[in-house]
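Residues per chain are reported as follows:
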Amino acid sequence: MSEGERRCGVLHPQSLQRALLETRGKHMQLCDDRTIDPPFQSAIMSMSVDHVEDRYMLVGYANGGVAIIDVSEETVKDKKFECALRIPQGQAHDFGVTSLAWYTRDTGLFVSGGFDEVVKIWDTNKAEVAIEYKTKGKVYDIDVHKTSTLHNLVAAANGHVVSLYDANSGLRQHSLRGHQGTVNCVAWSVCEQYQLFSGGSDGTVVRMQSAKTFLSPVKKRLWDVRQGASCLAFLSPEGKPWTSRRAFLALPALPHKTCRKRRRTEHDGTASSSSKGDEAALLAHAKGVSCLRFTPDGRYLLSSGGDERVRLWNPVSCELEIVNYGAFPQARAAAYKKVQFDVSWSGKLLFHPCQNEVVVCDLASGNRISRLRGHVGTVKCCVAKPRGEDLFSGDQDANILVWTPNDRQVALVCPAGTDRISRFLDGEEEVEVDVDNWSDSD
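Residues numbered from 1 in each chain as written. Predicted model: local features only at pLDDT ≥ 70, side-chain atom pairs only at ≥ 80, totals over all residues. Heavy atoms only, no water.

With an unreviewed UniProt entry as reference, the protein chain is termed Anaphase-promoting complex subunit 4 WD40 domain-containing protein, source organism Guillardia theta.

Here's what the structure looks like:
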């Protein structure tokens, strides 16, 4: 970026901070002076840090317990992050907690879902359940739109459908269908408030349109505007996305009898070679999709699957970006193979679990920058602070490790002003601005 472009305001106001965070994020190390004592002696299945205060982290366990850990630097005591809330098994969930999400606007509410086929909205201050939804299948993932101003819908992946629940009314609003197998993960679009992406065990990633509900300001009636087909497109790694009708004719094992009649198969039930090729072209991942994540700016969507691969998508055109991140092998003996990865706040780094370590990759090129080693058990999830530098990873041994930038390595990359950079990122020092020293009294 030239000096003239900088003076003209081409640079984004947060470009400097994002560049510094990206540089520091490439040199992560295990933090020695900040640790977390396990609230439960059980495998960790899900983690989430709030986007409002950037302070509280939700942790879900395989025994059904839920914990809230205060990860603020101001509350560190004896080099440990304290557990602010501990909800034991039975009171939280009866079985494993597969997903957790904070409410959109504050930390007063959070949502949890698990294998006990229940989605719960919690009052954080009272540690009580405010709303409880009974589902028709195990809940594998939930998501709440982080910037929505038009709705408060909670998307839950349960069974073969994606269910939408209204946090205001406490009612189930809509069910989105488009998968032939179990829905494993959901992710709201960052740019479009009513678009939702889902990944299933059938290996497909589906772009859906949810219901638009609003109140009329005149008669106070509830209006429900829905499209004829909520499924908009299937993401295909072999070019442009498939429309719902084209994919409808290519998907195997259609459940409805009238749908099966439209399939041209042989007498013994085997499909032709062309239809088999269509089915393979529909698969975003060969062995099911396990996790979906948007970059903070909403420009890209990342998916991880059972084929141990990560793919980068354009959420607007639904086309695949050709980036090779390599393989991320997982433990073969694990019964629950879903992993949770995350993207840095700058949107330039990918943090993905790989057996007993976390791999850091460059998002644009796919190059592997470093491997974070420190876990003994298999790492199942990792989460980065939305506006900070810390990275948290949890394994099957109930251990949560904290990773921070290595200041010594960062000093070798940018030795000038390293202390000022740290104070600037922590908010302790502001950027100096030239001001004319003149007065009307002269």
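There is more to say after this.
1. As for the overall build of the protein chain
Basically, it comes down to this: Under the scheme used here, helices are H or I runs from DSSP no shorter than 4 residues and strands are E runs no shorter than 2 residues, and both carry numbers assigned from the N terminus. Contact between two residues is taken to exist if any of their heavy atoms lie within 4.5 Å; hydrogens are not considered. Only the protein chains shown count as cover for residues, and the accessible areas themselves come from Shrake-Rupley with a 1.4 Å probe.
When helices and strands are tallied, the protein chain shows seven helices and 33 strands. Partitioning the contacts of the protein chain with sequence separation of at least 6, the portion at a separation of at least 24 is 50%. Here the protein chain has roughly 22,100 Å² of accessible surface; of this, 48% comes from carbon and sulfur atoms.

2. What about unusual backbone geometry?
The condition that has to hold: Relative accessibility thresholds used throughout: buried, under 20% of the residue-type maximum; exposed, over 50%; partly exposed, between the two (1.4 Å probe, protein chains only).
If you check the backbone angles, E308 has positive phi at about 65° while not being a glycine. Of note, E308 is situated in the loop between β24 (301-305) and β25 (310-314). A positive phi angle is found at A398, which is not glycine, with a value near 70°. Mapped onto the elements of the fold, A398 is located in the loop between β32 (391-395) and β33 (400-405). The buried category is assigned to A398, whose relative accessible area is 1%.

3. Concerning the sheet that holds strand β7 (residues 83-87)
Condition: Pairing between two strands requires that DSSP report at least two bridges joining them. Lines are fitted to the C-alpha atoms to define the axes, a helix being fitted only along its stretch in contact, and any angle between axes, read from their N-to-C directions, falls within 0 to 180 degrees.
Here four strands make up an open sheet; going across it, the order is β3-β4-β5-β7 and the pairing antiparallel. Two strands in the sheet have a free side with no partner beyond their single neighbour: β3 (44-49) and β7. On average, adjacent strands in this sheet sit at an angle of 15° to one another, irrespective of strand direction.

4. Quick notes on the UniProt feature "repeat: WD" (unreviewed entry) in the protein chain
Put simply, the rule reads: UniProt positions are given in the numbering used here, feature names are shortened, and annotations may be inferred rather than shown by experiment.
Under the local residue numbering, the UniProt record ascribes the feature "repeat: WD" (unreviewed entry) to residues 90-132, 282-314 and 372-403. Regarding residues 372-403, the helix share stands at 0% and the strand share at 53%, and the terminal C-alpha atoms are separated by 8 Å.

5. What to know about the pattern of salt bridges
Put simply, the test is: Definition used for salt bridges: Asp or Glu carboxyl oxygen within 4 Å of a side-chain nitrogen of Lys or Arg.
Considering all chains together, one arrives at eleven salt bridges under this definition. The partner of R34 in a salt bridge is E73, and the shortest N-O contact between them spans 2.0 Å. Placement of the pair is R34 in the loop between β1 (28-30) and β2 (35-36) and E73 in the loop between β5 (66-70) and β6 (80-81), with a sequence separation of 39 residues. Using a relative accessible area of 13% as the deciding quantity, one classes R34 as buried. Overall, the relative accessible area of 42% leaves E73 in the partly exposed class. The residue R55 makes a salt bridge to D70 at a minimum N-O spacing of 2.9 Å. On the criterion of sequence distance, the pair formed by R55 in the loop between β3 and β4 (56-61) and D70 in strand β5 is long-range, its members being 15 residues apart. Put simply, D33, R34, E73 and D390 are held in one network by salt bridges that share partners.

6. Description of the pairing of strand β9 (residues 109-114)
Counted residue by residue, β9 has five buried out of six residues, so it is predominantly covered. By the bridge criterion, five bridges tie strand β8 (residues 97-102) to β9 in an arrangement that is antiparallel. Note that in β9 the partner of S99 across the bridge is G113. Once β8 ends, the chain turns through six residues before running back antiparallel as β9. Judged from the five bridges that link them, β9 and strand β10 (residues 118-123) form a sheet pairing that is antiparallel. Across the sheet, residue S112 finds its bridge partner in β10, namely K120. What sits between β9 and β10 in their antiparallel hairpin is a turn of three residues, with E117 showing a positive phi close to 65°.

7. Topic: the sheet that holds strand β30 (residues 368-373)
Pairing is antiparallel across the open sheet formed by four strands, whose spatial order is β27-β28-β29-β30. Here the strands that pair on one side only, and so sit at the sheet edges, are β27 (342-343) and β30.

8. Details of the confidence of the model for the protein chain
Threshold: Scored from 0 to 100, pLDDT reflects the predictor's confidence in each residue.
Of all residues in the protein chain, 72% have pLDDT values of 70 or greater, and the mean over the chain is 78. Across residues 213-226, confidence stays below pLDDT 50; counting only partners more than four residues off in sequence or on other chains, it has 22 contacts. This stretch, residues 245-277, has a pLDDT under 50; its non-local contacts, to residues over four places away or in other chains, come to 38 contacts.

9. Section: the nonpolar core
Heads up, the rule is: The term nonpolar core refers to a set of buried residues drawn from Ala, Val, Leu, Ile, Met, Phe, Trp, Tyr and Cys, joined through side-chain atoms within 4.5 Å.
The biggest cluster of nonpolar side chains holds 18 residues, and the ones touching the most others in it are I36, M47, M57, V59, I69, F392 and I400. Elements with a minimum of two residues in this core: β3, β4, β5, β31 (379-384) and β33. Contact partners of V59, with chain neighbours within four places excluded, come to I44, S46, M47, G65, V66, A67, I69, L100 and I400.

10. As for the packing of aromatic side chains
Put simply, the test is: Any Phe, Tyr or Trp ring, taking Trp's six-membered ring, that has another such ring centre within 6.5 Å forms a pair; planes under 30 degrees apart are called stacked, those over 60 apart edge-to-face, and the others tilted. When the NZ atom of lysine or the CZ atom of arginine is within 6 Å of a ring's centre and also within 35 degrees of its normal, the charge is said to sit over that ring.
Tallied over the full model, the rule gives seven aromatic pairs. For the ring pair F115 and Y140, a centre distance of 5.9 Å and an interplane angle of 70° mean the geometry is edge-to-face. Of this pair, F115 sits in the loop between β9 and β10 while Y140 sits in strand β12 (residues 139-144), and the two are 25 residues apart along the sequence. Residue F115 is classed as partly exposed on the basis of its relative accessible area, which comes to 21%. A network of ring pairs unites the aromatic residues W102, F110 and W122 as a single cluster. Its end group placed over the ring of F328, R368 keeps NZ or CZ at 4.5 Å from the ring centre.

11. Digging into the state of the cysteines
Spelled out, the test is: Working definition: a disulfide is two cysteine sulfur atoms within 2.5 Å of each other.
Per the counting criterion, the structure on display carries zero disulfides. Just so you know, C381 is unpaired, no disulfide at all, and the nearest cysteine sulfur is the one on C382, 7.4 Å from it.

12. Notes on the environment of T147
Secondary-structure assignment places T147 in the loop between β12 and β13 (153-158). Put simply, T147 and V190 are 43 residues apart on the chain and 7.4 Å apart in space, counted from C-alpha to C-alpha. Contacts of T147, omitting those with residues within four sequence positions, involve T104, V190 and Q193.

13. A look at the pairing of β24
Most of β24 is tucked away: five of the five residues are buried. Along β24, one buried face is formed by L301, S303 and G305 and the opposite face, lined by L302 and S304, is buried too. Bridging between strand β23 (residues 289-294) and β24 involves five bridges; their strand directions are antiparallel. Considered in β24, the bridge of L292 is made with S303. Linking two consecutive strands that pair antiparallel, namely β23 and β24, is a turn of six residues; a positive phi of about 80° is found at G298 within it. Here β24 pairs with β25 via four bridges, running antiparallel.

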